[in-house]
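Reading the structure
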Amino acid sequence: MRCGTVAVIGKANAGKSTLVNVLVGEKVAIVSPKPQTTRDRILGILNREEGQIVFADTPGFYRRRNELTSLMMRTTENTAKEVDAIVFVHDGHKGIEPSDVALMKKYSEMGLPMLIAYTKTDIMPEEQIPADIKKLFEAGIERDVFPVSARKGKNLKPLLKAIFEMLPEEEPLYPEGIVSDKSEKFMVAEIMREKILLKYDQEIPHGAAISVNRFEEIDGVYHIDLDIICEKKNHKAILIGKQGKALKETASFARQDMEKLLGKKVYLTVFVKVSEDWRDRGKLLRELGYSGEE
Ligand SMILES: Nc1nc2c(ncn2[C@@H]2O[C@H](COP(=O)(O)OP(=O)(O)OP(=O)(O)O)[C@@H](O)[C@H]2O)c(=O)[nH]1
Ligand SMILES: [Mg+2]
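Residues numbered from 1 in each chain as written. Chains lettered and ligands numbered in written order. Predicted model: local features only at pLDDT ≥ 70, side-chain atom pairs only at ≥ 80, totals over all residues. Heavy atoms only, no water.

1. Regarding the sheet that holds strand E1 (residues 2-10)
Within the open sheet, the 6 strands sit side by side as E2-E3-E1-E4-E5-E6. Their pairing is mixed. Both edges of this open sheet fall to strand E2 (42-48) and strand E6 (145-147), since each of them pairs with a single strand only. This sheet shows a mean twist of 25° between the axes of neighbouring strands, independent of strand direction. Relative to strand E3 (residues 51-57), E1 is paired through 7 bridges, and the arrangement is parallel. (Pairing = 2+ DSSP bridges. Helix = DSSP H or I, 4+ residues; strand = E, 2+ residues; numbered from the N terminus. Axes fitted to C-alpha atoms, helices over the stretch in contact; angles between N-to-C directions.)

2. Quick look at the pattern of salt bridges
In the structure shown here, the tally under the stated rule is 22 salt bridges. Across the pair Lys-195 and Glu-194 runs a salt bridge, and its minimum N-O distance is 3.1 Å. The residue Glu-249 makes a salt bridge to Lys-199 at a minimum N-O spacing of 2.7 Å. With a gap of 50 residues between them, Glu-249 in helix H9 (residues 245-262) and Lys-199 in helix H6 (residues 184-199) connect regions that are remote in the sequence. Exposure remark for Glu-249: the relative accessible area of 32% places this residue in the partly exposed category. Since its relative accessible area comes to 35%, Lys-199 is described here as partly exposed. Residues joined by salt bridges that share partners form a network here, namely Lys-27, Glu-194, Lys-195, Asp-257 and Lys-260. (Salt bridge = Lys/Arg side-chain N within 4 Å of Asp/Glu carboxyl O. Buried < 20%, exposed > 50% of the residue type's maximum accessible area, 1.4 Å probe, protein only.)

3. Considering the coordination of the magnesium ion (ligand 2)
Within the first shell, the magnesium ion (ligand 2) binds the protein through Ser-17 (OG) and Thr-38 (OG1), at distances of 2.0 to 2.1 Å. Here the residue Ser-17 occupies a position in helix H1 (residues 16-24), and Thr-38 occupies one in the loop between H1 and E2, the gap between them amounting to 21 residues. Under the relative-accessibility criterion, Thr-38 is labelled buried at 7%. (Donors = N, O, S within 2.8 Å, 3.2 Å for Na, K, Ca; no water.)

4. Examining the domain arrangement of the protein chain
Domain assignment breaks the protein chain into domain 1 (2-166) and domain 2 (184-287). Measuring from the centre of the C-alpha atoms in domain 1 to the corresponding centre in domain 2 gives 28 Å. Taken together, the contact pairs 20 residues of domain 1 with 20 residues of domain 2. The contact between domain 1 and domain 2 buries some 1700 Å² in all, and 52% of this surface belongs to carbon and sulfur atoms. The three residues of domain 1 that bury the most area against domain 2 are Ile-30, Lys-34 and Arg-39, which together make up 38% of that side's buried surface. Where domain 1 meets domain 2, there are 1 salt bridge. In this structure, the salt-bridge partner of Glu-194 is Lys-27, at a minimum N-O distance of 2.6 Å. On the surface where domain 1 and domain 2 come into contact, there are 12 residue pairs in polar contact (both at pLDDT 80 or more). (Domains from an automatic or database assignment. Contact = heavy atoms within 4.5 Å. Buried area = accessible area lost by both parts, 1.4 Å probe. Polar contact = N/O pair within 3.5 Å; in protein donor to acceptor, adjacent residues only side chain to side chain.)

5. Quick notes on the site of ligand 1
What surrounds ligand 1 is a group of 23 residues, the closest being Lys-16, Thr-18, Gln-36, Thr-37 and Asp-122. Ser-17 is positioned with one of its side-chain polar atoms (N or O) 2.9 Å from an oxygen atom of ligand 1. When the free accessible area of ligand 1 is taken as 650 Å², the share hidden by the protein chains comes to 94%. Tallied by class, the residues present in the shell around ligand 1 amount to 7 nonpolar, 11 polar and 5 charged. (Near = heavy atom within 4 Å. Areas by Shrake-Rupley, 256 points an atom, 1.4 Å probe, with all protein chains shown as cover. Nonpolar A, V, L, I, M, F, W, Y, C, P; charged D, E, K, R; others polar.)

6. A closer look at helix H2 (residues 67-81)
If you check H2, its first and last C-alpha atoms are 21 Å apart, about what 15 residues at 1.5 Å a residue would give, namely 21 Å. Buried residues in H2 make contact with E1, E3, strand E4 (85-91), helix H3 (98-108) and helix H10 (282-287). In this structure Asn-66 caps H2, since a side-chain oxygen of it lies 3.2 Å from the backbone nitrogen of Leu-68. (Expected span 1.5 Å × (residues − 1).)

7. What to know about unusual backbone geometry
Within the chain, Lys-120 stands out as a residue other than glycine whose phi angle is a positive 65°. In this structure, Lys-120 sits in the loop between strand E5 (114-119) and helix H4 (128-138). Phi angles above zero are rare outside glycine, and Gln-243 is one such case at about 50°. Looking at the secondary structure, you find Gln-243 in the loop between helix H8 (233-240) and H9. Owing to a relative accessible area of 81%, Gln-243 belongs among the exposed residues under this scheme.

8. Things to note about the packing of aromatic side chains
If you walk through the whole model with that rule in mind, you get 2 aromatic pairs. Judged by centre distance (5.3 Å) and plane angle (40°), the ring pair of Phe-215 and Tyr-222 falls under tilted. The positively charged end of Lys-182 is found above the aromatic ring belonging to Phe-186, 4.6 Å away from the centroid. (Phe/Tyr/Trp six-rings, centres within 6.5 Å; stacked < 30°, edge-to-face > 60°. Lys NZ or Arg CZ within 6 Å of the ring centre and 35° of its normal.)

Below you can see the structure in the form of structure tokens.
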């Protein structure tokens, strides 16, 4: 069997998590239109007759600004060093910039099998695809490029086939039936973060973290208490909204997804707390689970 781990890397917002979810066939990673949605390495595991692919979804490349972002970049760099192959995800509808070529070159030079998943083809003119592939080749990127649409599920078969071909002949790393390495508690925090990413302007979700303080099942009902940690008093006011309306709405969307995930009723209690500059405080970052390591 062909089995191994594949790092899924690329710029922030390229569509990595969406691609991993569609290939695995389950939502293992949250998705949003804002960059820096993924903060941790998340494994998504696919079992097929041909073998097993362990996708390692990673935080996307983004300009560094604080300790959290550099921890995220360290996570991605460490992941790329410890895998059997790399899937480099490129957002096709954004065109090819010199920074794309530079990143592809950097990871091509790691000596691992690597291919390029050129995604979001559903929102761009068809004729741009061969022109971009030519551009990459002329820039010295000698890797196979697979145009796909994760959203529409287009051209995923040849991509999967090529990923299997990059993997060694090995036994599976994970038993069948496991789709992710993350706990339900982690996913609950991520669902809350996703709803915040979807509802509020960039500044708020980028400065927000979730701490789950209670995660307990009693008589078939989950009791979940969590804190939304934000950076500023005015962020807290925006998160809560007039008479708590905004927070109620966000929490209600989150609760519905949590119930879907857990298959049980959820009692969700949410508090908003302010912790200035938490993104630059190493100890707090570690408490929140951001270590930058595997
Ligand atoms: N039209 C279209 N949109 C897509 C496709 N794939 C992803 N998107 C959208 O692109 C945005 C970013 O997707 P993500 O999967 O969160 O991107 P990411 O690369 O994981 O981003 P980070 O985790 O921030 O690095 C979301 O709004 C997705 O719905 C696609 O194939 N077609
Ligand atoms: Mg992501």
